[in-house]
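So you can see what is in the structure, the chains are spelled out below.
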Amino acid sequence: MSASAALVWTAVLAIAVGTWAFRASFVFLFGYLDEVPPRVDRVLRFIPAAVITAIIAPRLLLVDGSLAVGPGNERLLAGAVAVVVAWYTENIFATIAVGMVVLWLFVFLL
Amino acid sequence: MDSSTEARRADALEGFRDGLPVLFGTVPYALVMGVAAASAGLTPSEAAGLSAFVFAGLSQLAAVDLIDQGASLAVVVATALIINARFTMYSASIAPHLERLGRGWRYLCPFFLIGPVYAVALAAYEADRPAHYGWYMLGLGVPSWVAWVVGTVVGMVLGAGIPDEWQLGFAVPLVFVAIVTQFIDDFGTVAAALVAGGASIGVVGLPFGLGLVVASVVGIVAGVVVEWGGNGIGSGEESGNGGGDGGEP
């Protein structure tokens, strides 16, 4: 689906302003609040783990909208190999390269 | 050329050198960003604008994914900003170092705070290495920013020439896989990830991309509960079917 230009540009500007505000927040707050309150900090640190996994899981586990856990799901297998590579190398490029090659092996050779 | 120009150049050059390893991570990530933008139907100028103004890959990929699904403006913006709320943590630790700079610098420097730039800059500032913190940040941040924007457009063009059967879009979840491991380091974050992953399968039918927001909130709550509870039992029930294997791809 191709979204309207108005929606895309409004989203771009709103996200840009909000993101910059987060990054600059403590430059403004300095003197009033010198650190993130511990309670807020505890919630913040769970956000990336939760959001990213919620994005990944459907892309690996669903095939045509239904749950597919097994050897027939090549994306899940390639993703599982990528998880191992990511865990040990912490390298984005290596993770992409190995994950794509494994996927291509299944798609083109098997 | 006077000596202060010389000093600025030296600081910017030092930042540039320290930032070179950052580029190795930024370039492939940017190419994937371009592929994702193309498959969501964004125009090259929209994709370049997104990368140039936002400069935060994770939130950009999520936003593009939601736009592709036909999510509402509110959901797209809210999701991206929830993801970027973590930048307040970077801001809190780097702001004291920026206090010595003038107002313009203090507003400009935070723009460049992507994860690796933040890490490199903080290390240099804590060692009090650069003479001028602002010029150092420009030397460090601007090349990454340029690589990010140019890489997005290049990825868009390259991606368009490669047949669908190569499934280039699969690189997007692979980037997420590579990044998520950096954020999972204890029981609380493991619970947040597993429960959010399981929940995301359970809520896949929700319209407007709301499923991602719901699954994320459920996962965050699970993380908080596990951390407060200490023993971490009971939070898994939140995700219902799907559960444990849902989050562990």
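Residues numbered from 1 in each chain as written. Chains lettered and ligands numbered in written order. Predicted model: local features only at pLDDT ≥ 70, side-chain atom pairs only at ≥ 80, totals over all residues. Heavy atoms only, no water.

**Student:** How should I be thinking about the overall build of chain B in this particular structure?
**Tutor:** Looking only at helices and strands, one finds 12 helices and 0 strands in chain B. When the helices and strands of chain B are placed in sequence order, the string is α-α-α-α-α-α-α-α-α-α-α-α. Principal-axis analysis of the C-alpha atoms gives chain B an extent of 70 × 50 × 30 Å. Across chain B, the fraction of contacts at a sequence separation of at least 24, relative to all contacts at a separation of at least 6, is 77%. Carbon and sulfur atoms make up 66% of the accessible area of chain B, which totals about 10100 Å². (Helix = DSSP H or I, 4+ residues; strand = E, 2+ residues; numbered from the N terminus. Contact = heavy atoms within 4.5 Å. Areas by Shrake-Rupley, 256 points an atom, 1.4 Å probe, with all protein chains shown as cover.)

**Student:** Sorry, what's going on with the domain arrangement of chain B here?
**Tutor:** How big an interface is tends to be reported as the loss of accessible area on association of its parts. All names here are of chain B. In terms of domain boundaries, chain B breaks down into domain 1 (3–168) and domain 2 (184–242). Averaged C-alpha coordinates put domain 1 and domain 2 at centres separated by 28 Å. Across the boundary between the two partners, domain 1 contributes 7 residues, which contact 5 residues of domain 2. Between domain 1 and domain 2, a total of about 470 Å² is buried, with carbon and sulfur atoms accounting for 79% of that surface. Viewed at the interface, domain 2 and domain 1 are joined by 0 salt bridges. Seen at the junction of domain 1 and domain 2, the total is 0 residue pairs in polar contact (both at pLDDT 80 or more). For the side of domain 1 that touches domain 2, a count of residues per class yields 3 nonpolar, 4 polar and no charged. (Domains from an automatic or database assignment. Buried area = accessible area lost by both parts, 1.4 Å probe. Salt bridge = Lys/Arg side-chain N within 4 Å of Asp/Glu carboxyl O. Polar contact = N/O pair within 3.5 Å; in protein donor to acceptor, adjacent residues only side chain to side chain. Nonpolar A, V, L, I, M, F, W, Y, C, P; charged D, E, K, R; others polar.)

**Student:** Would you mind going over the interface of chain A and chain B with me for this structure?
**Tutor:** Contacts between the two partners involve 70 residues from chain A, matched on the other side by 91 residues from chain B. Approximately 7300 Å² of surface area, both sides summed, lies buried where chain A meets chain B, with 77% of it carried by carbon and sulfur atoms. Taken as a group, F22, R23 and F46 of chain A account for 11% of the area that chain A buries against chain B, more than any other trio of residues on that side. For the interface between chain A and chain B, the tally reads 3 salt bridges. The salt bridge involving R45 of chain A is made with D186 of chain B; its shortest N-O contact spans 2.9 Å. Linking chain A to chain B there are 14 residue pairs in polar contact (both at pLDDT 80 or more). Residue assignment for the side of chain A that touches chain B shows that the elements contributing at least two residues are α1 (5–29), α2 (38–44), α3 (47–61), α4 (74–89) and α5 (92–109) of chain A. With 20 residues, α1 of chain A is the single largest residue contributor to the side of chain A that touches chain B. Of the residues assigned to the side of chain A that touches chain B, the class counts are 52 nonpolar, 10 polar and 8 charged.

**Student:** Can you help me understand the pattern of salt bridges in this one?
**Tutor:** Where charged atoms from two side chains of opposite charge approach closely, those side chains can pair. Overall, the coordinates contain 6 salt bridges over all chains when judged by the stated rule. With a shortest N-O distance of 2.5 Å, E227 of chain B and R45 of chain A are connected by a salt bridge. With E227 of chain B in helix α11 (residues 210–229) and R45 of chain A in the loop between α2 and α3, the pair connects residues from two separate chains. With relative accessibility at 28%, the residue E227 of chain B sits in the partly exposed group. Residue class for R45 of chain A comes out partly exposed when judged on its relative accessible area of 22%. (Buried < 20%, exposed > 50% of the residue type's maximum accessible area, 1.4 Å probe, protein only.)

**Student:** How should the packing of helix α2 (residues 44–54) of chain B against helix α8 (residues 133–160) of chain B be read in this particular structure?
**Tutor:** To characterise two packed helices, one gives the angle between the axes of the helices and the distance between these axes. Residues and elements named next belong to chain B. Remark: α2 packs on α8, axes separated minimally by 9 Å, with the N-to-C direction vectors making an angle of 155 degrees. One element, α2, and the other, α8, form an angle in the roughly antiparallel class. Considering only the axes of α2 and α8, their crossing is right-handed. Between α2 and α8, the residues in contact are P44, A47, A48, S51 and A52 and W145, W148, V149, T152, V153 and M156, respectively. Residues belonging to the contact of α2 with α8 are distributed by class as follows: 9 nonpolar, 2 polar and no charged. (Axes fitted to C-alpha atoms, helices over the stretch in contact; angles between N-to-C directions. Parallel < 35°, antiparallel > 145°, perpendicular 65-115°, else oblique. Left-handed = near helix turned anticlockwise from the far one by under 90°.)

**Student:** I tried to follow unusual backbone geometry on my own but got confused; where do I start?
**Tutor:** Of all residues except glycine, most have a negative phi; of all peptide bonds, most are trans. A positive phi angle is found at D64 of chain A, which is not glycine, with a value near 50 degrees. Structurally, the position occupied by D64 of chain A is in the loop between β1 (62–63) and β2 (66–67). At D128 of chain B, a position not held by glycine, the phi torsion is positive, near 55 degrees. Residue placement: D128 of chain B occurs in the loop between α7 (115–126) and α8. On the basis of relative accessible area, D128 of chain B is assigned to the partly exposed category, the value being 45%.

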